[in-house]
Structures are given as C-alpha cells and as structure tokens.
Amino acid sequence: MASFLDKQQAGATRSSYAKIITVLIATELVGTFESAMIFIALPSLMAEFQTDAATAGWAATSFLLVAAASAAICGRLGDIYGRKKMLVIVLGISLVGSIISFTAGSIEGVIIGRAFQGAAGATLPLGLGIARAGIEKDKVPGAIALVAAVSFIAGAGGSLVAGVMLDLGNWQGLFMVSGILGLIAAVMAMTMLDRSTGLSKDNRRIDYLGGLLFAPAVALVLYGVSNAAAWGITSARTLQFVLGGLALAAIWIWWELRVQNPMINLRLLKTNKMALTQLATAILSVGPLVAAQIIGPMIMLSPAGFGVGLGLSPTMGGLVIFGAASVAFICSPISGKIAAKVGARRSLLIGVVICVIGYGALFWAQYSVLSYIIAINVVFVGTMFAYTAFPNLVAESVPVENTSEGMGINTVTRTIFMGVGTTVTTMALASSTVEGVGVPSESAYTLTYTIVLVTSVIGFVLAWLIRDRKNGKRAAGTAAAGNEDLVGAVES
C-alpha cells in the first residue's frame with residue numbers, strides 16, 4: 001500500500017478547495033458514524049448474545065480507548081511521513097474492524113472488531129492537517145468549521161441510520177454500512193488527495209511508548225472492575241487486572257515525565273487552571289457527558305410495561321437522538337458567546353447546571369415519550385455547553401506556543417474517561433435487571449442517575465475552583481492568540 005500511495009503522491013500539485021473538503025467530510029463521516037452508531041445498537045447486542053449491559057458496553061469502550069491512542073500517535077506520524085498515507089492506513093484498519101465485527105459470531109468478536117475501528121479516531125487530526133497544508137490560509141477557518149459541523153451532524157445521523165438499519169435487518173447491517181463508508185473514503189483519499197505538503201522536518205524520536213501505554217492501562221483496570229461482581233472484589237483475577245493496570249499507568253506517568261518530547265505533555269498540568277480543567281473534563285466525561293448516550297437508547301428501546309421503557313422502535317429512537325443533537329448544535333454558539341464575554345468557566349458551569357436539570361427531568365420522564373423528548377433535549381444542550389467550554393478553558397490555561405499540546409491532552413482525557421464512563425454506566429445498568437426480560441430495572445436506573453448527579457456535583461465544584469484572569473484585556477488577548485493557533489490545536 002505504501003508504494004502505491006507514493007506513486008499517487010509523486011508530482012502532485014495542490015488540490016482544489018472543493019476536492020479537499022469533499023474528501024475530509026467523507027473520511028470524518030467514517031470515524032463519527034462508527035463512534036455514534038454503537039450506542040443505539042447496545043440493546044440489540046444484549047438481546048442477540050444474551051449478555052448484560054456491562055459486557056455489551058465494551059463495544060463502545062474498546063473503540064474509545066483505541067481512538068484516543070490513535071489520535072495521539074497517528075497525527076504525529078502523519079506530520080512526519082505524510083498525512084494522506086496515514087489517513088488511508090487508519091481507514092484501512094477501520095475497514096478490517098468492520099469486517100471482523102460483521103462476521104463475528106460472539107460479543108467478544110464484535111468488541112475486537114470495534115477496537116480495530118477505533119483507529120478511525122485519527123481521521124479528524126489528520127484531515128485538519130491536510131486542510132491546513134493544502135488550502136489557502138484565509139479559507140482554513142471556514143473549512144474547519146464546515147468539517148466540524150458535518151462531524152457533529154454525522155454523529156447524530158449515525159444514531160438515526162443505526163436505528164433504521166436495526167429495524168430493516170439486524171445489527172450486522174451497521175458494520176456493513178461502516179465498512180462501505182470506510183472503503184469509499186479510503187478510495188477517495190487515495191485518488192483525490194495530492195501529495196502531503198508542509199511535513200515536519202523535526203527528526204526527534206517519536207514517543208511510541210507514551211502514545212500506546214495509557215490505553216491498555218485503563219483497559220486493564222476497567223476490565224477488572226467490570227468483572228468484580230462475577231469474580232469477587234478481592235479475588236486474584238480482579239486484583240491482577242486492576243493492580244496490573246495501575247502499575248502500567250504509573251509506568252506511563254513516569255515515562256512521560258522522563259522523556260524530552262513526550263506524546264502527552266503532562267508537565268502542562270503543573271499550572272493550577274490546566275490541572276483543574278483536566279480534572280473537570282475527566283469527572284464530567286465519566287458521568288453526564290456520556291450517560292445520556294447509553295441510557296437514552298436503553299430507555300427508548302426497552303419494551304413498555306417491563307420496568308423502565310418506552311417501547312419505541314430503533315428508527316424512532318434514532319430520530320429522537322438526531323433531533324436533540326440538532327437542537328444542541330443550534331444552541332452551541334450561545335456557549336461560545338458566553339465564553340468570549342465572561343470566560344469559558346462560566347460557560348462550563350452553566351452547562352453542568354443544564355445537564356443536572358435535564359437528567360432530573362429525565363428521571364421523572366422515563367415513562368412518557370413527550371416528557372422524555374423534552375428532557376433529552378435539555379441534557380444534550382447542557383452537554384454541548386460543556387464540550388464548547390473545554391477548548392476555550394485550555395486556551396486560557398496554557399501559553400500560546402503550547403496550545404496544540406494542551407488541546408491534545410484535553411482530547412485524550414475526554415476520550416479515555418468517556419470510555420471509563422461507558423463502563424461505569426453499563427455496570428450500573430447491569431446491576432439489576434427485570435427477571436425474564438433482561439432489561440435494566442428501575443433501581444438500576446436510579447443508581448445510574450445517582451452516579452451522574454455525584455459526578456456533576458464534583459465537576460461543578462472543580463469548575464467553580466477554576467479562576468478567570470482578573471485582567472479582562474489580558475484574557476481577551478490570550479483568547480485571541482489562542483484562536484490564531486486553533487487549527488493546530490484541533491490537529492493535536
């Protein structure tokens with residue numbers, strides 16, 4: 001494949017704006033679709049393989065963990081060896097994952113395939129690197145905004161397409177669609193993109209160990225914790241996985257603080273504001289930022305009359321999620337304006353409050369379709385406020401020259417702890433089920449909402465402890481400088 005790509009890149013000239021944007025939208029559709037589609041399919045996977053929510057949830061967790069590692073490493077490799085080449089490679093790996101999951105006859109096979117699909121987590125940083133190098137400077141911000149907007153809508157559309165596919169056929173159809181999208185995107189990237197330009201001439205050693213070590217460390221801990229109920233909290237197997245994961249995490253931290261050019265620059269966490277921002281990101285990602293993606297489809301698709309459930313079809317469930325995501329997208333500029341006027345900390349605080357109100361309404365609305373739709377819209381708006389606040393907080397927390405590294409840390413933190421949150425939420429839902437049906441019981445949902453409330457309160461306190469700069473002009477100057485390097489920040 002490498003030789004073929006080299007021939008494609010030889011003697012190429014700068015691609016047109018429309019051609020680059022078309023390819024970037026196609027490639028980003030793959031990663032976003034694959035990330036979103038699995039949540040609405042979890043009830044179907046549980047029924048197909050007669051498993052609980054905690055086990056089925058690993059189909060989402062494995063993707064997120066690998067996606068974090070892929071984004072951290074492949075973006076850097078693309079800068080050195082060619083972004084086009086790396087983009088095609090990660091799309092190829094993702095295609096292999098779709099084939100594995102499609103042909104799998106067990107939940108373990110689906111989880112392994114999903115881990116391969118996680119390579120698509122690098123499509124956005126690689127794509128934005130291509131845009132920055134191949135598009136006129138004055139058109140880059142618009143290109144990024146367009147790709148980001150399509151990415152968000154594609155995520156919501158992923159739930160809708162997944163619902164339709166589940167109604168028309170079965171869960172394998174999702175992986176057929178993702179595989180076709182991956183193949184089309186890979187062919188488009190190979191044939192439509194010119195040779196990568198603006199590559200890094202920095203021959204510094206790549207921190208492969210730092211980029212790879214954190215994902216398995218988290219996975220080992222989560223696997224041990226998720227099986228603690230079956231194995232026993234103090235059993236040898238549980239302790240081996242948990243302690244082994246913690247040991248790997250300790251080695252990773254030691255290594256990243258030791259190397260000169262770490263993949264994840266933990267030294268930036270020495271500043272109080274940056275450390276609090278990452279802590280708030282981690283805690284909120286475990287609870288309110290991911291819980292709705294799991295409990296939403298579970299409530300909508302569970303049969304009515306058996307515990308908690310609305311008995312909607314997968315297609316209707318996808319429509320509800322798509323509508324809520326669209327409302328949140330429309331409201332997202334409000335968060336940006338608040339951050340620009342009074343600081344990103346206020347925007348995050350408002351987002352957490354809206355999330356708590358939404359989840360509170362969701363708790364009482366889980367037996368009424370109309371009330372549920374209103375509540376899930378409120379939750380999605382609050383989540384969008386938080387998502388838009390994090391990058392602005394990072395820009396306010398680090399020097400301009402470290403903006404990209406800071407954004408990279410925040411992206412990895414959010415992705416990793418959303419994986420943690422997926423495991424925690426599915427474990428809570430699996431803690432109690434309705435006999436004979438296998439769907440989560442009311443007490444399981446109560447436990448889940450309790451976890452969301454606790455993490456929201458902790459996240460609110462951490463956000464409250466973040467202090468805005470007293471000098472408004474200085475803050476504005478920092479934000480403006482950060483915006484100038486926004487493209488590089490998102491690439492990281």
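Check the entry above for the structure.
Residues numbered from 1 in each chain as written. Predicted model: local features only at pLDDT ≥ 70, side-chain atom pairs only at ≥ 80, totals over all residues. Heavy atoms only, no water.

Caption draft 1: Just helix α19 (residues 442-465), in detail. With 24 residues, α19 extends 35 Å between its outermost C-alpha atoms, agreeing within 8% with the 34 Å of an ideal straight helix rising 1.5 Å per residue. Within the sequence span of α19, burial applies to Ala444, Tyr445, Thr448, Tyr449, Val452, Thr455, Ser456, Gly459, Leu462 and Ala463. (Helix = DSSP H or I, 4+ residues; strand = E, 2+ residues; numbered from the N terminus. Expected span 1.5 Å × (residues − 1). Buried < 20%, exposed > 50% of the residue type's maximum accessible area, 1.4 Å probe, protein only.)

Caption draft 2: Just empty space enclosed by the protein, in detail. Applying the stated rule across the entire model yields one cavity of 30 Å³ or more. What the largest cavity holds in volume is close to 30 Å³. If you go around the largest cavity, the residues you meet are Leu24, Thr27, Glu28, Thr123, Leu124, Gly127, Leu128 and Val147. The set of elements that each furnish at least two residues to the lining of the largest cavity consists of α2 (17-49) and α7 (123-134). Tallying contributions element by element places α7 first for the lining of the largest cavity, with four residues. Looking at the lining of the largest cavity residue by residue, the classes come out as four nonpolar, three polar and one charged. (1 Å grid on protein atoms, 1.4 Å probe; cavity = no way out; pocket = protein on both sides within 12 Å on 5 of 7 lines; lining within 4 Å. Points joined across faces, edges and corners; volume = space filled by probe spheres on them. Nonpolar A, V, L, I, M, F, W, Y, C, P; charged D, E, K, R; others polar.)

Caption draft 3: The arrangement of the packing of aromatic side chains in detail. Applying the stated criterion to the full structure yields 11 aromatic pairs. Their ring planes at 55° and their centres at 5.6 Å tell us that Phe214 and Trp252 sit as a pair that is tilted. Of this pair, Phe214 sits in helix α10 (residues 208-226) while Trp252 is found in helix α12 (residues 236-258), placing the two residues 38 residues apart along the sequence. For the pair Phe214 and Trp252, a shared accessibility class is recorded, and that class is buried. Each ring, one from Tyr223 and one from Phe241, has its centre 5.0 Å from the other, and the planes form 65°; the classification is edge-to-face. You can see Tyr223 sitting in helix α10 and its partner Phe241 sitting in helix α12, a full 18 residues away along the chain. Judged by relative accessible area, Tyr223 falls into the partly exposed class, the value being 34%. The rings of Trp58, Tyr223, Trp231 and Phe241 are connected pair by pair, giving a single aromatic cluster. When the ring centre of Trp464 is taken as reference, the NZ or CZ atom of Arg345 above it lies at 5.0 Å. (Phe/Tyr/Trp six-rings, centres within 6.5 Å; stacked < 30°, edge-to-face > 60°. Lys NZ or Arg CZ within 6 Å of the ring centre and 35° of its normal.)

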